[in-house]
Structure formats: C-alpha cells, structure tokens
Amino acid sequence: MNERGMSLIVKTIARVLVGMIVLYGIYIVAHGHLTPGGGFAGGVIIAGGFILLYLAYGASEKESEFKKWQASLSESLGIFGFWLVAMLGLFIGGYFFLNVFAKGQSYRLFSGGIIPVCNAAIGAEVAGALVGIFIAFAALKLLGEK
Amino acid sequence: MIELYILLALMAVGAIIALETHDLISAVISLGVCGFSLVLIFLLLHAPDLAIVQIVVETLSLVILIAAILKTTREDTEERLSLVKTGLWVGGLFFVAIFMYFTYQVLQNMAEFGAPNLRMAVSYLEMGLKKTGAANLVGAVILDFRGYDTLGEATVLFTSVMGVLAVLRKIGRKKEGQNE
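The sections below set out a description of the structure shown in this document.

**Remarks on the overall build of chain B**
Moving on, step 1. Helices and strands together make up the secondary structure of chain B, namely seven helices and zero strands.
Moving on, step 2. Taken from N to C terminus, the helices and strands of chain B fall in the order α-α-α-α-α-α-α.
Moving on, step 3. Over its C-alpha atoms chain B spans a radius of gyration of 22 Å, topping by over 25% the 16 Å that the globule rule assigns to 180 residues.
Moving on, step 4. With respect to the principal axes defined by its C-alpha atoms, chain B has extents near 65 × 45 × 30 Å.
Moving on, step 5. The 180 residues of chain B split such that 25% are buried.
Moving on, step 6. Sequence separation of at least 24 residues holds for 48% of the intrachain contacts in chain B that already meet a minimum separation of 6.
Moving on, step 7. Once the 13 positive and 16 negative side-chain charges of chain B are each reduced to a mean point, those two points are 11 Å apart.

Here it is in structure tokens:
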C-alpha cells in the first residue's frame with residue numbers, strides 16, 4: 001500500500017465524494033445566471049474537491065510542482081478568457097464588456113449572452129488560483145525546512 | 001434584528017480571541033467563528049449568493065491555514081513590545097475615538113437600514129431581466145452592468161496568486177549560506 005496520504009477509509013471516501021463535489025461545482029458555475037452562485041462560488045467548490053483529493057492521497061515533490069504548473073495554467077487561461085470575452089464586445093459592438101451574444105430565452109440554461117461564458121472563465125480562474133495557493137502553502141516544502 | 005446584533009458581537013469576540021491567543025490553531029478556529037457568523041448574517045439579510053461564496057471560501061481558507069500550521073509551528077511568536085505597549089494602547093484608543101465620532105456623524109445622514117434611496121438599484125431591478133436575459137439578478141449586475149468591477153476583482157486575485165507562487169517558488173532560489 002502507498003505510504004503517502006491518509007488512511008484507507010479517508011482515501012475511499014474521498015474517491016467516492018470528489019466526483020460529486022466537482023460535479024456540484026460545475027453545476028453552480030453553469031447555472032450562475034439562473035440561481036444563486038456563479039463563477040466565484042463554483043470555482044471554490046471545484047478547488048475544494050481537488051484539495052480533498054490532495055489531502056487524502058498526498059503527492060511527491062515532483063508531482064506537486066507539476067500540479068502547481070497545471071493550476072497556474074488553468075488560472076491564467078481563465079482570466080485570459082474573461083478578458084477575451086470583454087474585448088469581443090469592444091471589437092464587435094464598440095463597447096468594452098458589451099453583451100454581444102444572443103440573449104436567448106429567459107430562465108433557460110443557454111441565456112444571458114456573455115454571462116455564462118464569463119462565469120465559466122471566472123470558475124476556471126478561481127479554481128486554479130485556490131489549488132495553486134494550497135499547493136504553495138501546504139504541500140510544497142516551506143522556506144525553513146530542509 | 002436582535003439575532004443580527006448577537007452574531008455581530010460573536011464576530012467581534014472571535015476576532016479579538018484570534019488576535020490575542022498564542023495557540024495558532026485556536027486563532028484559526030476563532031477566525032472561523034468570525035467567518036461563519038458572517039455566513040449566517042448574509043442568510044438573515046437574504047443574500048444567498050454572498051452566503052454561498054462566504055461559506056466555501058471560509059471552509060477552504062480554514063483548511064489551507066490549518067494545513068500550513070500543521071506543516072510549520074503551532075506556537076505564536078513571543079512579543080517583545082512591553083515598553084511601547086502603553087503608547088500603542090493610547091494611540092489605538094485615540095484613533096478608535098476619532099473613528100467612532102465620524103462614523104456617528106455619517107450615520108446621522110444615512111438612510112434607514114434596509115431602505116436605501118438609490119435610483120440605480122431600482123432601474124437594475126426593473127430592467128435586469130430584459131436587458132441581459134439572466135434570471136439571477138446578481139449575476140446580471142456583476143457580469144453585465146458592473147463587468148469592469150468583476151474584471152478588476154479577477155485581476156486582483158490573479159496578481160496575488162502570482163505573487164504567492166513567485167515568493168514561495170523553488171527554482172532560482174539561493175541555498176542557505178551561499179553568497180552570490
């Protein structure tokens with residue numbers, strides 16, 4: 001059995017729960033324009049799922065560096081996508097942050113123009129940011145340690 | 001209203017304990033009392049969006065802080081400020097008195113609690129669904145009417161995380177005792 005991480009019970013429970021947690025986070029992000037929630041809340045829930053997995057299973061130094069790089073990439077792509085949607089309004093309609101997409105039928109999943117797209121971008125950014133901070137603070141070796 | 005004041009008092013007590021205790025785990029738990037009281041306050045004031053964000057951020061930050069404490073040390077550092085402590089207390093009370101005075105002056109001129117006299121809010125409520133097509137009015141405000149603010153917030157988060165990752169990085173850092 002693997003030495004790293006917590007006991008078998010924690011590992012099994014985490015393995016069962018993490019899918020549901022991430023799915024719920026995606027639901028919160030996707031329905032951000034219909035129900036309470038949105039990119040920030042959903043992104044933090046997704047990050048919580050990944051952090052649960054991380055705490056239960058642990059990771060070596062090398063894997064942590066790689067995961068930090070992945071989290072950083074997700075964060076950067078998220079904020080770049082958000083900026084890109086904002087710039088789209090500038091190029092198509094002439095105003096920064098103009099709602100250029102079709103509004104759609106209200107109360108449906110595909111409605112609200114750019115709002116769901118922005119929510120998805122913010123969700124990716126926040127999830128990457130929190131996982132990155134967690135790895136930097138808690139998982140990697142800190143300054144004074146050998 | 002009375003439960004609001006009880007929760008606010010609980011938050012103040014939690015914050016003071018978090019500052020004064022020397023056990024870092026107790027300090028983090030007291031901070032949690034502060035944050036979860038804020039969640040209850042948001043729920044009492046009918047703000048589910050904020051309550052969701054606050055509850056998940058609070059839980060996650062507690063997990064991160066406790067993981068960091070378990071990796072390092074549980075004891076707070078010794079304070080050596082006994083000589084200047086009296087001066088700090090006097091100065092602190094002085095500024096608290098000034099702050100209270102001006103807060104009182106401002107509160108005299110503000111609208112009644114729960115009855116804001118903002119005209120923009122009324123027009124957002126009326127036109128939000130029609131103009132954006134988003135049923136959640138909070139989402140419509142933060143990502144359509146006030147998109148600039150959200151972009152700024154996301155940039156602040158991005159910059160702070162970049163700063164943390166840059167300070168705590170391993171590549172390019174000098175070893176201990178190594179000169180130039």
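From this point, the narrative continues.
**Side note on the overall build of chain A**
Moving on, step 1. The helix and strand inventory of chain A stands at four helices and zero strands.
Moving on, step 2. Helices (α) and strands (β) of chain A occur, in sequence order from the N terminus, as α-α-α-α.
Moving on, step 3. For chain A, the C-alpha atoms occupy an extent of roughly 55 × 30 × 20 Å along the three principal directions.
Moving on, step 4. Out of the 146 residues in chain A, the part that is buried amounts to 45%.

**Some thoughts on helix H2 (residues 24-44) of chain B**
Moving on, step 1. Taking 1.5 Å of rise per residue, 21 residues should cover 30 Å, and H2 of chain B covers 30 Å from first to last C-alpha, within 8% of that figure.
Moving on, step 2. Looking at H2 of chain B, one finds that the buried residues are Ile25, Ala27, Val28, Ser30, Gly32, Cys34, Gly35, Ser37, Val39, Ile41 and Phe42 of chain B.

**Looking at the nonpolar core**
Moving on, step 1. With 44 residues, the main nonpolar core has Phe82 and Phe134 of chain A as its most contacted residues.
Moving on, step 2. When residues of this core are traced back to their parent elements, those giving at least two are helix H1 (8-30), helix H2 (39-57), helix H3 (61-92) and helix H4 (115-139) of chain A together with helix H3 (48-71), helix H6 (137-145) and helix H7 (147-167) of chain B.
Moving on, step 3. Of the residues forming this core, the biggest block, 14 residues, is contributed by H4 of chain A.
Moving on, step 4. Residues contacting Phe82 of chain A, with those up to four places away along its chain left out, are Phe97, Cys118, Ala121 and Ile122 of chain A together with Leu143, Thr150, Leu151 and Ala154 of chain B.

**Overview of the interface of chain B and chain A**
Moving on, step 1. In this complex, chain B contributes 41 residues to the contact, which on the side of chain A involves 51 residues.
Moving on, step 2. Between chain B and chain A, a total of about 4,100 Å² is buried, with carbon and sulfur atoms accounting for 75% of that surface.
Moving on, step 3. Counting across the interface, chain B meets chain A through zero salt bridges.
Moving on, step 4. Taken together, chain B and chain A are joined by seven residue pairs in polar contact (both at pLDDT 80 or more).

**Focus on the side chain of Asp49 of chain B**
Moving on, step 1. Relative to the assigned elements, Asp49 of chain B resides in helix H3.
Moving on, step 2. For the buried Asp49 of chain B, which has no salt bridge, the nearest side chain bearing the opposite charge is Arg146 of chain B, at an N-O separation of 16 Å.
Moving on, step 3. Excluding its chain neighbours within four sequence positions, the residues that come into contact with Asp49 of chain B are Pro36 and Gly37 of chain A together with Asn136 and Val138 of chain B.

**Notes on the packing of H1 of chain A against H2 of chain A**
Residues and elements named next belong to chain A.
Moving on, step 1. Remark: H1 packs on H2, axes separated minimally by 8 Å, with the N-to-C direction vectors making an angle of 165°. In terms of orientation, H1 lies roughly antiparallel with respect to H2. In terms of crossing hand, the pair formed by H1 and H2 is left-handed.

**What to know about the packing of aromatic side chains**
Moving on, step 1. Counting across every chain of the model gives 11 aromatic pairs over all chains.
Moving on, step 2. A ring pair is formed by Tyr54 of chain A and Phe134 of chain A, whose centres lie 5.7 Å apart and whose planes are at 80°; its orientation type is edge-to-face. One end of the pair, Tyr54 of chain A, is in helix H2; the other, Phe134 of chain A, is in helix H4, and 80 residues separate them in sequence. Phe134 of chain A carries the same exposure label as Tyr54 of chain A, and that label is buried.
Moving on, step 3. Ring centres of Phe94 of chain B and Phe95 of chain B lie 5.6 Å apart, and the angle between their planes is 65°; this geometry places the pair in the edge-to-face category.
Moving on, step 4. Through a chain of ring-to-ring contacts, the aromatic side chains of Phe82, Phe96 and Phe97 of chain A together with Tyr148 of chain B assemble into a single cluster.

**So, helix H4 (residues 85-109) of chain B**
Moving on, step 1. Between its first and last C-alpha atoms H4 of chain B spans 37 Å; for 25 residues at 1.5 Å apiece the expected length is 36 Å, and the two agree.
Moving on, step 2. With respect to burial, H4 of chain B is a largely exposed element, only zero of its 25 residues being buried.

**Details of unusual backbone geometry**
All names here are of chain A.
Moving on, step 1. Residues other than glycine seldom take positive phi values, yet Phe97 does so here, at roughly 65°.
Moving on, step 2. Within the fold, Phe97 resides in the loop between H3 and H4.
Moving on, step 3. Overall, the relative accessible area of 4% leaves Phe97 in the buried class.

**So, the environment of His22 of chain B**
Moving on, step 1. For His22 of chain B, the location among the structural elements is in the loop between helix H1 (2-20) and H2.
Moving on, step 2. Spatially, the C-alpha atom of His22 of chain B lies 33 Å from that of Tyr101 of chain B, the residues being 79 residues apart in sequence.

**Some thoughts on the side chain of Gln54 of chain B**
Moving on, step 1. Counting through the fold element by element, Gln54 of chain B comes out in helix H3.
Moving on, step 2. Among all residues touching Gln54 of chain B, those that are not within four sequence positions of it are Gly35, Leu38, Val39 and Phe42 of chain B.

What counts, and at which threshold
- Residues numbered from 1 in each chain as written.
- Chains lettered and ligands numbered in written order.
- Predicted model: local features only at pLDDT ≥ 70, side-chain atom pairs only at ≥ 80, totals over all residues.
- Heavy atoms only, no water.
- Helix = DSSP H or I, 4+ residues; strand = E, 2+ residues; numbered from the N terminus.
- Rg over C-alpha atoms; globule rule 2.2 N^0.38 Å.
- Buried < 20%, exposed > 50% of the residue type's maximum accessible area, 1.4 Å probe, protein only.
- Contact = heavy atoms within 4.5 Å.
- Lys, Arg positive; Asp, Glu negative; His and termini not counted.
- Charge placed at Lys NZ, Arg CZ, Asp CG, Glu CD.
- Expected span 1.5 Å × (residues − 1).
- Core = buried A, V, L, I, M, F, W, Y, C linked by side-chain atoms within 4.5 Å.
- Buried area = accessible area lost by both parts, 1.4 Å probe.
- Salt bridge = Lys/Arg side-chain N within 4 Å of Asp/Glu carboxyl O.
- Polar contact = N/O pair within 3.5 Å; in protein donor to acceptor, adjacent residues only side chain to side chain.
- Axes fitted to C-alpha atoms, helices over the stretch in contact; angles between N-to-C directions.
- Parallel < 35°, antiparallel > 145°, perpendicular 65-115°, else oblique.
- Left-handed = near helix turned anticlockwise from the far one by under 90°.
- Phe/Tyr/Trp six-rings, centres within 6.5 Å; stacked < 30°, edge-to-face > 60°.

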